[in-house]
Amino acid sequence: MNEYRDIVGVGFGPANLALTVALDEVPGNGTDRPSALFFERQPEFGWHRNMLLPSAKMQVAFVKDLVTFRNPGSAYTFVSYLHHVGRLARFVNNQDFFPTRLEFHDYLEWVASHFTDRIRYGAEVRAIRPAPADGSPGSLEVAVRYRDRPGSQVVSADNVVISTGLVPRVPDGTVLGERVWHSSQFLGRFRARDWSGARRVAVVGAGQSAAELTAFCYDNTTNAEIISVVPSYGYSIADDTPFANEVFDGQAVDDYYFGTKESQDAYWRYHRNTNYSVVDDDLLRELYRRSYDDEFTGARRLNFQRLSRIDGVEETADGARISVRSLSTGQRNHFDVDFVVFGTGYHPMDPGPLLAEVDQYLLRDENGRYRVDRHHRLLTRDGFGGGIYLQGGTEQTHGLSASLLSNMAVRSGEIVGSILGRAKDGWPWTDSRAADGSEPAAAVS
Ligand SMILES: Cc1cc2nc3c(=O)[nH]c(=O)nc-3n(C[C@H](O)[C@H](O)[C@H](O)COP(=O)(O)OP(=O)(O)OC[C@H]3O[C@@H](n4cnc5c(N)ncnc54)[C@H](O)[C@@H]3O)c2cc1C
């Protein structure tokens, strides 16, 4: 018989890590807690490892960690981590709400290290399907392939939570290779050889990753010219001012989900610039200052190709040749570079391939998108037993924070509440009885 768990998690990034903690904090003596198992295709925990650039900062305040907004008394807050590693006083003295990405990664690893008994690394989930009606436990089956063994394993579950993350995006026709990279590959590729003698490198894109890469390449090559291909006139600033920042609050998820189409459109029209295709104020000004200083000294290492797009890239014997088309003149310039990196962002999470075998049971809206309830569960046809939850890929139903850290703590509590049939109670649950005094609903549907 297959292994069985109440919940199987697909992917083990911050979203399912937050869920793991929420499950661990379900009140009770432990026996009430649903059993869970998580599969992660990487060989160990890693959060955007290839973009852990030394000076890169977080874009959320440290209190928007995996748990605080759900349970500030948790043992897994960022503050608990700082206390554990002996840096709490100095962190506060530093007076900065935004840790480096490296430090936040260390925090995530520290949390993950407490739950190794329920994570299988090097394990890629290939399919989710309905369980056969042969009396085995569970409504769903999850097929898993391990890096280090042949064949696949099937685990049965009643609930599956999919958190497989964003999907790297490059311009149509781009073929990635030895010298042509996406930002999600960057540090691994960059550190594989010595680029100090590089003559010219190119960075494509106008968002945060592209700006970070431009600064990094400037700092980590000695004399290279950095061609920065931006589709806009220049970098635009990320709006993290107080009123705009409220779009990431828990309340905003309700307002978005239950809002009209017109109000949902307004989120994107007015507040897209809180996160998408924008650059942090400090970094943007730093890049401009360097470019100005370069002009003064005559170094001119930063070469901004503004209002331009890449319309061709091919690898050469010792680098790549890029074709850059100006949107203003239509003129094309060709550059031979040591490498080109695309900081061109990501597509939202796409659970479609994993769900192909249950697709016929899933309800879709008039645009063909999955219908998702407020607590992140896919709506299914009558008679379909399993609970399938999405963490990510729900921008159109749950708004701007769907793929971000901001709302993960609260969202994971909502998912646990939904699985336990206690969504209406909110969090924390103070006792093992439902708010009306009755026994809690069955632990799993
Ligand atoms: C460079 C970078 C910096 C960012 N910084 C911030 C920030 O400061 N603040 C913020 O709010 N957001 C930030 N984001 C947005 C980002 O989406 C979130 O930080 C976060 O990664 C989302 O967590 P997740 O668990 O949903 O996805 P991920 O972190 O992408 O984790 C998904 C995991 O699923 C695994 N996986 C995928 N498919 C399978 C499969 N079939 N089987 C098993 N495992 C699988 C992947 O290997 C991965 O580990 C950043 C994004 C990037 C790219």
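Residues numbered from 1 in each chain as written. Predicted model: local features only at pLDDT ≥ 70, side-chain atom pairs only at ≥ 80, totals over all residues. Heavy atoms only, no water.

Novice: Would you mind going over the pairing of strand β1 (residues 3-10) with me for this structure?
Specialist: As a general feature of sheets, a regular strand has side chains that alternate between the two faces. Here β1 lies mainly inside the structure; six of its eight residues are buried. One ladder, built from seven bridges, connects β1 with strand β6 (residues 152-162); its direction is parallel. In the strand pairing of β6, G9 is matched with V161. In the sheet, β1 pairs with strand β2 (residues 36-40) via four bridges, with the strands oriented parallel. Opposite I7, over in β2, you have A36 as the bridge partner. In terms of handedness, the path from β1 via helix α1 (residues 14-24) over to β2 forms a crossover that is right-handed. (Buried < 20%, exposed > 50% of the residue type's maximum accessible area, 1.4 Å probe, protein only. Helix = DSSP H or I, 4+ residues; strand = E, 2+ residues; numbered from the N terminus. Pairing = 2+ DSSP bridges. Right-handed = clockwise from strand over helix to strand, strands pointing away.)

Novice: Mind showing me how you'd approach the sheet that holds strand β11 (residues 302-305) here?
Specialist: Two modes of strand pairing occur in sheets, parallel and antiparallel, and in both the strands are linked by backbone hydrogen bonds. Spatially, five strands are ordered β8-β15-β9-β10-β11 in an open sheet, and the strand pairing comes out parallel. Each edge of the sheet is formed by a strand with only one pairing partner; in this case those strands are β8 (180-182) and β11. Put simply, the sheet's adjacent strands are angled 20° from each other on average, direction ignored. Pairing of strand β10 (residues 225-229) with β11 involves four bridges; the strand directions are parallel. Residue pairing in the sheet places I227 in a bridge with N303 of β11. Contacting β9 (200-204), β10, β11 and β15 (339-342), helix α6 (residues 208-220) runs over the sheet at an angle of about 165° to β9. (Axes fitted to C-alpha atoms, helices over the stretch in contact; angles between N-to-C directions. Contact = heavy atoms within 4.5 Å.)

Novice: Any chance you could explain the sheet that holds strand β14 (residues 332-337) here in plain terms?
Specialist: Taken in spatial order, the three strands of this open sheet run β12-β13-β14, and their pairing is antiparallel. The open sheet has two edge strands with one neighbour each: β12 (308-316) and β14. Ignoring which end each strand starts from, the neighbouring axes of this sheet average 20° apart. Taken together, the eight bridges between β12 and strand β13 (residues 319-326) define a ladder with antiparallel strand orientation. Its bridge partner being in β13, S308 is matched across the sheet by S326.

Novice: In this structure, what is going on with the packing of aromatic side chains? I would like to understand it.
Specialist: Where two aromatic rings form a pair, the distance of their centres and the angle of their planes describe that pair. A complete count under the given rule lists 32 aromatic pairs for this structure. Relative to F304, the ring of Y235 lies with its centre 5.9 Å away and its plane at 90°, an arrangement referred to as edge-to-face. Here Y235, found in the loop between β10 and α7 (242-245), pairs with F304, found in strand β11; they are 69 residues apart in sequence, far enough to count as distant. On the accessibility criterion, F304 (30% relative accessible area) is partly exposed. Taken together, a centroid distance of 4.9 Å and an interplanar angle of 75° make the contact between Y256 and Y267 edge-to-face. Of this pair, Y256 sits in helix α8 (residues 250-257) while Y267 sits in helix α9 (residues 261-271), and the two are 11 residues apart along the sequence. Per residue, the accessibility class of Y256 equals that of Y267, and both read buried. (Phe/Tyr/Trp six-rings, centres within 6.5 Å; stacked < 30°, edge-to-face > 60°.)

Novice: What's the story with helix α4 (residues 101-112) in this structure? I'm lost.
Specialist: Working note: α-helix, 3.6 residues per turn, so residues spaced by three or four point in the same direction. For α4, which comprises 12 residues, the first-to-last C-alpha distance of 16 Å matches the rise-based estimate of 16 Å (1.5 Å per residue) to within 8%. Taking burial as the measure, the 12 residues of α4 include nine buried ones, the bulk of the element. Buried within α4 we find R101, E103, F104, H105, Y107, L108, W110, V111 and A112. Close packing links the buried residues of α4 with α1, α2 (78-85), α3 (88-93), β3 (119-121) and α6. (Expected span 1.5 Å × (residues − 1).)

Novice: Explain the site of the ligand to me, please; I cannot follow it from the model alone.
Specialist: Near the ligand lie 29 residues; those nearest to it are E40, W47, Q59, S403 and L405. Taking R41, its main chain carries an N or O atom lying 3.2 Å from a nitrogen atom of the ligand. Between the ligand and Q42, the relevant distance is 2.9 Å, taken from an oxygen atom to a side-chain nitrogen or oxygen of the residue. For the shell around the ligand, the secondary structure elements donating two or more residues are α1, β2 and β4 (123-130). Of all the elements, β4 adds the most residues to the shell around the ligand, at three residues. Classifying every residue of the shell around the ligand gives 16 nonpolar, nine polar and four charged. (Near = heavy atom within 4 Å. Polar contact = N/O pair within 3.5 Å; in protein donor to acceptor, adjacent residues only side chain to side chain. Nonpolar A, V, L, I, M, F, W, Y, C, P; charged D, E, K, R; others polar.)

Novice: How should I be thinking about the packing of α1 against helix α12 (residues 408-419) in this particular structure?
Specialist: Running from amino to carboxyl end, α1 crosses α12 at an angle of 55°, the nearest separation of the two axes being 8 Å. Overall, the two elements α1 and α12 adopt an arrangement that is oblique. For the crossing formed where α1 meets α12, the hand is right-handed. Taken together, the residues of α12 that come into contact with α1 (itself represented by P14, A15, A18, L19, A22 and L23) are M408, R411, S412, G413, I415 and V416. (Parallel < 35°, antiparallel > 145°, perpendicular 65-115°, else oblique. Left-handed = near helix turned anticlockwise from the far one by under 90°.)

Novice: Whenever I open this one, the domain arrangement of the protein chain confuses me. Can you help?
Specialist: As a measure of interface size, the accessible area lost when the parts come together is often cited. Here the domain parsing of the protein chain yields domain 1 (3-166 + 348-425), domain 2 (169-238 + 276-345) and domain 3 (242-274). Taken residue by residue, the interface counts four residues in domain 2 and four residues in domain 3. Taken together, the two surfaces of domain 2 and domain 3 that pack against each other cover about 350 Å², and 56% of this comes from carbon and sulfur. The tally of links between domain 2 and domain 3 comes to zero salt bridges. (Domains from an automatic or database assignment. Buried area = accessible area lost by both parts, 1.4 Å probe. Salt bridge = Lys/Arg side-chain N within 4 Å of Asp/Glu carboxyl O.)

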